[in-house]
Amino acid sequence: MKLRERLERLGQWVLDRLLPAEPARPFRAITAADVPAVLTPGVVYLVGEGGHHWCAALRCPCGCGATIQLGMLREVRPCWGATVHANGTVSLTPSVWRRVGCRSHFVLERGRIRWCSPAGSGAGPRTH
Ligand SMILES: [Zn+2]
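Residues numbered from 1 in each chain as written. Predicted model: local features only at pLDDT ≥ 70, side-chain atom pairs only at ≥ 80, totals over all residues. Heavy atoms only, no water.

Glancing now at the sheet that holds strand β8 (residues 105–109). Hydrogen bonds along the backbone pair up the strands of a sheet, which may run parallel or antiparallel. Here we have 3 strands laid out as an open sheet, ordered β7-β8-β9, and antiparallel in their pairing. Either end of the sheet is taken by a strand with one partner, and the two such strands are β7 (96–97) and β9 (112–115). Two strands pair when backbone bridges link them, and β8 and β9 are joined in this way by 4 bridges, in the antiparallel orientation. Considered in β9, the bridge of Phe106 is made with Trp115. (Pairing = 2+ DSSP bridges. Helix = DSSP H or I, 4+ residues; strand = E, 2+ residues; numbered from the N terminus.)

Below you can see the structure in the form of structure tokens.
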């Protein structure tokens, strides 16, 4: 009993050190009817019904754990577009810029995060 517990703890310890906090795998897209309560890192949830998406949700890739929600309705600005590629990876346009919290600014391109210049440099999604 005790030994088994110890082994399990050791196994978890090894896993914790082998697995990075944020996945090295590219972001992929999952279609959902609603924003999930818990977001899996490395997944962009395309929320909508009947092939129409009204928002995309993902966990902030900086590791702060925040949920980022991006509006995808054409009538509402800003409006993001998502492209799901044949290999399951996803691109988001324009760039994502958090105005609160960690203030991360990045582009998601074919499942890969490309970090942008620090906040305040004047770049970012147009909100006209
Ligand atoms: Zn963050």
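Here we come to the confidence of the model for the chain. Taken residue by residue, the chain gives an average pLDDT of 87. The fraction at 70 or more is 87%. Taking the mean pLDDT of every element in the chain, the minimum, 82, falls on helix α1 (residues 2–18) and the maximum, 98, on strand β6 (residues 90–93). (pLDDT = per-residue confidence, 0-100.)

Those protein atoms acting as donors to the zinc ion are Cys60 (SG), Cys62 (SG), Cys64 (SG) and Cys102 (SG), and they sit at 2.2 to 2.3 Å. In this structure, the zinc ion is surrounded by 4 donor atoms whose angles at the metal cover 107 to 111 degrees, and the resulting shape is tetrahedral. Linear spacing of the donor residues for the zinc ion on their chain is C-x1-C-x1-C-x37-C. In this pair, Cys62 is assigned in the loop between β3 (52–59) and β4 (67–71) and Cys102 in the loop between β7 and β8, connecting sequence segments 40 residues apart. The class for Cys102 is partly exposed, based on a relative accessible area of 31%. (Donors = N, O, S within 2.8 Å, 3.2 Å for Na, K, Ca; no water. Tetrahedral: all angles 85-135°; square planar, octahedral: opposite > 155°, others 65-115°. Buried < 20%, exposed > 50% of the residue type's maximum accessible area, 1.4 Å probe, protein only.)

Within the secondary structure layout, His85 lies in the loop between β5 (81–84) and β6. The exposure class assigned to His85 is buried, which follows from its relative accessible area of 15%. For His85, the side chain forms a polar contact with the side chain of Arg110, separated by 3.4 Å. Ignoring sequence-local partners within four residues, the contact set of His85 consists of Val90, Ser91 and Arg110. (Polar contact = N/O pair within 3.5 Å; in protein donor to acceptor, adjacent residues only side chain to side chain. Contact = heavy atoms within 4.5 Å.)

Once that is clear, we can look at the environment of Cys62. Classification of Cys62 as partly exposed rests on a relative accessible area of 36%. In this structure the C-alpha to C-alpha distance between Cys62 and His105, which are 43 residues apart in sequence, comes to 9.5 Å. With near-sequence residues (within four places) excluded, Cys62 lies in contact with Cys102, Ser104 and Trp115.

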